[in-house]
Amino acid sequence: MLQKNQSFISGRIASIKYAFIGFKKLATTEHSIITQLIGLFIMSCAGFYFKISATEWMIQTLAFFLILSVEGLNTAVEKIADFIHPNYHKKIGEIKDIAAGAVTFAALGTLIILAIIYLPKFNLF
């Protein structure tokens, strides 16, 4: 958080520091993020093996980072909801389901992209 006596530059540096703290927290404690990072690693290995094009690399990378971003936002929504109402509540459950649904959209889109990139490599069509 920007202090009154912080300069613009030191405020930006602090913001970047907090962003990396959040990145580390997500990458080390959230199972869904860890799973997506493993998927990213596996598909990166597949990309090198199949020598995918630069365009395919860009689309694959964008798709995976979209999932990671939405997954991070989903985690934030869940943590806020749990903080506001720690006990089960039907409306909180609906909010969490909707946030998880957003992740599902990103994941399905990524699966479609991966199928478009990799299925032709197996000469199945």
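The preceding data block contains the structure.
Residues numbered from 1 in each chain as written. Predicted model: local features only at pLDDT ≥ 70, side-chain atom pairs only at ≥ 80, totals over all residues. Heavy atoms only, no water.

Chemist: For the overall build of the chain, give the residues involved together with the corresponding values.
Modeler: Counting its regular elements, the chain contains four helices and zero strands. Counting from the amino terminus, the chain carries its helices and strands in the arrangement α-α-α-α. Looking at the chain as a whole, 26% of its 125 residues qualify as buried. The contacts of the chain with a sequence gap of at least 6 include a subset with a gap of at least 24, amounting to 67%. Summing over all exposed atoms, the chain offers an accessible surface of approximately 9,300 Å²; the carbon and sulfur share of this is 73%. Here the chain contributes 11 positive and 7 negative side-chain charges, whose respective centroids are spaced 11 Å apart. (Helix = DSSP H or I, 4+ residues; strand = E, 2+ residues; numbered from the N terminus. Buried < 20%, exposed > 50% of the residue type's maximum accessible area, 1.4 Å probe, protein only. Contact = heavy atoms within 4.5 Å. Areas by Shrake-Rupley, 256 points an atom, 1.4 Å probe, with all protein chains shown as cover. Lys, Arg positive; Asp, Glu negative; His and termini not counted. Charge placed at Lys NZ, Arg CZ, Asp CG, Glu CD.)

Chemist: I'd like a rundown of the side chain of Thr 110, residues and numbers included.
Modeler: Examined against the element boundaries, Thr 110 turns out to sit in helix α4 (residues 90-118). The buried category is assigned to Thr 110, whose relative accessible area is 4%. Residue contacts for Thr 110: discarding those within four places in its chain leaves Ala 63, Phe 64 and Ile 67.

Chemist: Describe the nonpolar core, listing the residues and the values that go with them.
Modeler: Ile 33, Leu 40, Met 43, Ala 46, Ile 52, Phe 64, Leu 68, Leu 114, Ile 117 and Tyr 118 together form the largest nonpolar core, which totals ten residues. The set of elements that each furnish at least two residues to this core consists of α2 (31-50), α3 (54-84) and α4. No other element matches α2, which puts four residues into this core. (Core = buried A, V, L, I, M, F, W, Y, C linked by side-chain atoms within 4.5 Å.)

Chemist: Requested: an account of the packing of helix α1 (residues 8-29) against α2, with residues and values cited.
Modeler: Axes are the key here: two packed helices are described by the angle between their axes and the distance separating the axes. Where α1 meets α2, the axes come as close as 5 Å, and the angle between the chain directions of the two elements is 85°. One element, α1, and the other, α2, form an angle in the roughly perpendicular class. Across the interface between the two elements, Leu 26, Ala 27, Thr 28 and Thr 29 from α1 touch His 31, Ile 33, Ile 34 and Leu 37 from α2. (Axes fitted to C-alpha atoms, helices over the stretch in contact; angles between N-to-C directions. Parallel < 35°, antiparallel > 145°, perpendicular 65-115°, else oblique.)

Chemist: So what about the packing of α2 against α3? Which residues, and what values?
Modeler: Close contact between α2 and α3 brings their axes to 10 Å; oriented N to C, the two are set at 175°. Relative to α3, α2 is oriented roughly antiparallel. Facing Ser 32, Ile 33, Gln 36, Leu 37, Gly 39, Leu 40, Met 43, Ser 44, Gly 47 and Phe 48 of α2, the residues of α3 in contact are Trp 57, Gln 60, Phe 64, Phe 65, Ile 67, Leu 68, Glu 71 and Gly 72. In the contact of α2 with α3, the residues fall into ten nonpolar, seven polar and one charged. (Nonpolar A, V, L, I, M, F, W, Y, C, P; charged D, E, K, R; others polar.)

Functional significance is not addressed by these values, which are geometric in nature.
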